[in-house]
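Geometric and topological summary
Residues per chain, in single letters:
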Amino acid sequence: MNAPANIPGLFDCRDAYVRTLEELADADDRIVAVANDSVGSSKLGKFRERFPDRLINVGIAEQNMVGVGAGLANGGKIPFVSGAACFLTARAMEQIKVDCAYSQANVKLCGISSGVAYGELGATHHSIEDVAWLRAIDKLTIIVPCDPWETAEAIKAVAALDGPAFVRISRMLVPAIERPRGASFAIGRAETLRDGGDVAIITNGTLVYRALDAAQELADEGIDARVINMATISPLDRDAIAAAAATGAIVTAEEGLATGGLGGAVAEQCALHHPVPMRMLGFPGFAPTGSATWLMNHFGLTAEGIAVAAREVVTRKK
């Protein structure tokens, strides 16, 4: 299912993750990695070679993995706990809640192969619920990067953050997003990638480049769409949502459950403070077995699907 990693112009964000982690570990001996028999899928092989005493593989024991991470944090280390997002979040939810968030342990949770990109293994290996249920946990930073640059910057940011964080790292190949020189990443700050006054598309992760393509398609029809990359789900950039609502219509798009995820977060703010017509694009629930590309197309998580939703909400503005 997984596309080769050498397609020109497309990147696996896991590479940016491990490269940045190695750079951080070079500069700070407090940086350690904890894995759940996931050294290969997390691409931590080179990290293990370079820092053999700073990678702990607990085996297939996710609750233990998060608990070990919390213990290392309590001992003054900065642990990056790395495993498939579907297992890391579902199996170790109590440890994430209690050992990390409630205790404010300095643990960095890295959900690998998130969304539907793990493989053609069906709903058991999809991680479409992770953002929705993690967002319900207090005092847990949640970041969904969209490309290699943002992945690297997010890893640096959470390493510097004193507290628990979850970074959602996809293996689905994505292009690098064009940004102005001097662009910077900050936790809790959304990024406006394209301005527009007719409708706002709020998105993150693997849907960002698709949203930009949708905005170009809409522009050719005379619809001016703003594209906002809401990489940080918690804490949420409420000012960016208010500015998006000023366009009069909002579409959210994400590789996960929109109910409870990014779409739910934006809808909550709009319902309370900025009521505007909305469409929330995401997976409706358990998805069938299929390639990531097929699933994204089947459920309309494409540039065309986003453009269709944008046209519909624009007609509801009046």
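Look a little higher up for the structure.
So, here is what we can say about the structure in this document. Within each chain, residue numbers correspond to sequence positions counted from 1 in written order. Local features in a predicted model are, by the rule used here, given only for residues with pLDDT of at least 70; side-chain atom pairs are given and counted only at 80 or more, and totals for whole chains, interfaces and linings are based on all residues. To obtain the side-chain values, all non-hydrogen atoms of the structure were included, while hydrogens and water were left out.

So, the packing of helix α8 (residues 208-219) against helix α12 (residues 303-315)
Which entries qualify depends on this criterion: Note on definitions: angles span 0 to 180 degrees between N-to-C directions of axes, and those axes are lines fitted to C-alpha atoms, for helices only across the stretch in contact. Elements are defined by DSSP. Helices are runs of H or I of four residues or more, strands are runs of E of two residues or more, and each kind is numbered from the N terminus. Oblique is the label for any angle not under 35 degrees, not over 145, and not in the 65 to 115 range, which are roughly parallel, roughly antiparallel and roughly perpendicular in turn. Crossings are assigned a handedness: left-handed for a near helix turned anticlockwise from the far helix by less than a right angle, right-handed for a clockwise turn. Contacts between residues were defined by any pair of non-hydrogen atoms, one from each residue, lying within 4.5 Å.
Their axes nearest at 8 Å, the elements α8 and α12 cross at an angle of 55°. On the basis of their axis angle, the class for α8 and α12 is oblique. Note that α8 runs across α12; the crossing there is right-handed. Counted together, R210, A211, D213, A214, E217 and L218 of α8 and A303, E304, I306, A307, A310 and R311 of α12 form the full contact between these two elements.

Some words on the packing of aromatic side chains
So the rule is basically this: Geometry of aromatic contacts follows a simple scheme: Phe, Tyr and Trp rings, the Trp one being its six-membered ring, pair when their centres are within 6.5 Å, and the pair is stacked under 30 degrees between planes, edge-to-face over 60, tilted otherwise. Buried means the residue's accessible area, taken with a 1.4 Å probe over protein chains only, is under 20% of the maximum for its type, while exposed means over 50%, and partly exposed covers the values in between.
As enumerated under the stated definition, the model contains three aromatic pairs in all. Pairing F47 with F51 gives two aromatic rings, centres 5.0 Å apart and planes at 50°, and the pair type is tilted. In this structure F47 comes out as buried when scored by relative accessible area, which is 0%. On the basis of relative accessibility, which here comes to 9%, the residue F51 falls in the buried class. With centroids separated by 5.3 Å and ring planes inclined at 75°, the aromatic side chains of F283 and F299 adopt a geometry described as edge-to-face. Taken together, the positions of F283 in strand β12 (residues 278-283) and F299 in the loop between α11 (292-298) and α12 put the pair 16 residues apart, joining distant regions of the chain.

Topic: empty space enclosed by the protein
Going by this rule: Grid spacing is 1 Å over the protein atoms alone, the probe is 1.4 Å, and a cavity is where that probe fits but cannot get out, while a pocket is an open set with protein on both sides within 12 Å along at least five of seven lines and lining residues have an atom within 4 Å of a point. Grid points are joined across faces, edges and corners, and a volume is the space filled by probe spheres set on the points. When residues are grouped by polarity, Ala, Val, Leu, Ile, Met, Phe, Trp, Tyr, Cys and Pro land in nonpolar, Asp, Glu, Lys and Arg in charged, and all others, Gly among them, in polar.
Applying the stated criterion across every chain, the model contains two cavities of 30 Å³ or more. Taken as a whole, the largest cavity encloses approximately 70 Å³ of empty space. Considering the residues around the largest cavity, the lining is formed by 14 residues, among which V131, R168, E254, E255 and G256 are closest to the centre. Looking at the lining of the largest cavity, the elements with two or more residues in it are α6 (130-134) and β11 (250-257). Looking at which element gives the most residues to the lining of the largest cavity, the answer is β11, with four residues. Its residues assigned to classes, the lining of the largest cavity comprises seven nonpolar, three polar and four charged. In this structure, the second largest cavity spans a volume of roughly 50 Å³.

Brief notes about helix α1 (residues 13-27)
Count 3.6 residues to each turn of an α-helix, and residues three or four apart come out pointing the same way. This is how it is decided: By this rule, a helix spans an expected 1.5 Å times one less than how many residues it contains.
Taking 1.5 Å of rise per residue, 15 residues should cover 21 Å, and α1 covers 22 Å from first to last C-alpha, within 8% of that figure. Among the residues of α1, those classed as buried are C13, R14, A16, Y17, V18, T20, L21, E22 and A25.

A closer look at the sheet that holds strand β2 (residues 55-57)
Strand pairing within a sheet occurs via backbone hydrogen bonds; the two strands may be parallel or antiparallel. As a reminder, the rule being used: The pairing criterion for strands is at least two bridges between them, as found by DSSP.
Pairing within the open sheet is mixed, and its seven strands lie in the order β2-β1-β3-β4-β6-β5-β10. Here the strands that pair on one side only, and so sit at the sheet edges, are β2 and β10 (232-234). Looking at each pair of strands side by side, their axes are set apart by 20° on average, direction ignored. As judged from the five bridges shared by strand β4 (residues 108-112) and strand β6 (residues 165-169), these two strands associate in the parallel manner. Across the sheet, C110 pairs through a bridge with V167, a residue of β6. Helix α7 (residues 148-160) rests against β3 (78-84), β4, β5 (141-143) and β6 of the sheet, and its axis sits at about 165° to β6.

Brief notes about the pattern of salt bridges
In plain terms, the rule: Salt bridge criterion: a side-chain nitrogen from Lys or Arg within 4 Å of a carboxyl oxygen from Asp or Glu.
Counted under the stated rule, the structure contains 17 salt bridges. R135 is the salt-bridge partner of E268, the closest N and O atoms lying 2.8 Å from each other. Placement of the pair is E268 in helix α10 (residues 262-273) and R135 in the loop between α6 and β5, with a sequence separation of 133 residues. R311 is the partner of E217 in a salt bridge, and the nearest nitrogen-oxygen pair spans 2.8 Å. Of this pair, E217 sits in helix α8 while R311 is found in helix α12, placing the two residues 94 residues apart along the sequence. Its relative accessible area of 25% is what places R311 among the partly exposed residues.

Topic: the sheet that holds strand β7 (residues 191-194)
Pairing within the open sheet is mixed, and its five strands lie in the order β7-β9-β8-β11-β12. Each edge of the open sheet carries a strand with a single partner, namely β7 and β12. Going from strand to strand, the sheet's axes swing by 25° on average, the running direction of each strand aside. Alignment of strand β8 (residues 199-203) against β11, held across four bridges, turns out to be parallel. Considered in β11, the bridge of T203 is made with A253. Each of β8, β11 and β12 touches α12; the most contacted strand, β12, lies at about 160° to it.

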